[in-house]
Amino acid sequence: IMKSIFLNRWFRFVAVGFLLWASASSLGAQNVLFRVGGGFASHYGPAKVVGAYKIGIGYEWEFDQHWSVTPSLNLYGKGWRQPDRPVRVLDEDGNQVFDEETGEPVVGVKSQRTSANYLELPVMFSYYLRLAPSRYVVFSAGPYVACGLFGKQETKGDTERPGAEKMFYEHQTFGRAGVRRMDAGLQVFSGYQFPAGVCIGVEADFGFIPTRKNGEKNVSALISLSYKL
């Protein structure tokens, strides 16, 4: 039942994205925006960074010579890394192992690396500061919502697990109990637009929803390149 609910939500999300793209194409190709980017992602707190990417398409509605709004649809790869976490050492019967000389509990070191790929829908409000003919500094900000599609979590050195899993195991990021597929937050962008419709800049996502109950929130930063037809 839960799988069916997720599939229905996912298809609705994709349908909205397709309608957005179709509407943008019908309204005029000159305002269709393509954007790619690469950088880093992590969680707030002690988590370490991993690589991140973004591929997207949007449509820009211009209010006047300075202001515009751009909804878009992106495939956004995020993630986080948690190295060197202390963990108990258990024997094959699940009992705590103690050092024979000191009597102290034996502790291992566990490391996890997680990738999380989202279908993301941001709505960005932009201000264009004109520097010269067809040259602008662009400032943008707006909310985003996202749905987790796929990802993988790899774990090494989990000495609480049985058998070979003490060395390494992996599982899917989404679909596990307590893990949230939905994400939402704030996206900000600052860049420079050249006369040919090419814009290079930096952007960041600040998540508002923990990826799991009592967990941390997504955060990412990219260098992006966009082209407006």
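## With respect to the pattern of salt bridges
Piece 1. Across all of its chains, the model carries 9 salt bridges by this definition.
Piece 2. Here Lys-54 ties to Glu-203 by a salt bridge, and the two come within 2.7 Å at their closest N and O atoms. Within this pair, whereas Lys-54 is found in strand S2 (residues 50–59), its partner Glu-203 is found in strand S9 (residues 198–210), the two being separated by 149 residues in sequence. Judged on exposure class, the residue Lys-54 and its partner Glu-203 are both buried.

## Some details on a nonpolar patch on the surface
Piece 1. A contiguous nonpolar surface patch, about 610 Å² in accessible area, is contributed by Val-36, Ile-55, Phe-194, Ile-200, Val-202, Ile-223 and Leu-225.
Piece 2. For Ile-55, the position within the fold is in strand S2.
Piece 3. With a relative accessible area of 49%, Ile-55 lands in the partly exposed category.

## A closer look at the nonpolar core
Piece 1. Listed in full, the 8 residues of the largest apolar core are Ala-47, Trp-80, Ala-116, Tyr-118, Tyr-144, Ala-146, Phe-174 and Val-179.
Piece 2. Breaking this core down by element, the ones donating at least two residues are strand S5 (107–132) and strand S6 (135–156).
Piece 3. Setting aside residues no more than four positions away along its own chain, Phe-174 makes contact with Ala-116, Asn-117, Tyr-118, Gly-148, Leu-149, Phe-150, Gly-151, Val-179, Arg-180 and Arg-181.
Piece 4. Met-124, Tyr-136, Phe-189 and Cys-199 belong to the second-largest nonpolar core, a separate cluster that totals 6 residues.

About the criteria used
- Residues numbered from 1 in each chain as written.
- Predicted model: local features only at pLDDT ≥ 70, side-chain atom pairs only at ≥ 80, totals over all residues.
- Heavy atoms only, no water.
- Salt bridge = Lys/Arg side-chain N within 4 Å of Asp/Glu carboxyl O.
- Helix = DSSP H or I, 4+ residues; strand = E, 2+ residues; numbered from the N terminus.
- Buried < 20%, exposed > 50% of the residue type's maximum accessible area, 1.4 Å probe, protein only.
- Patch = residues over 30% accessible without salt bridge, like charges linked within 9 Å, V, L, I, M, F, W, Y side chains within 5 Å.
- Areas by Shrake-Rupley, 256 points an atom, 1.4 Å probe, with all protein chains shown as cover.
- Core = buried A, V, L, I, M, F, W, Y, C linked by side-chain atoms within 4.5 Å.
- Contact = heavy atoms within 4.5 Å.

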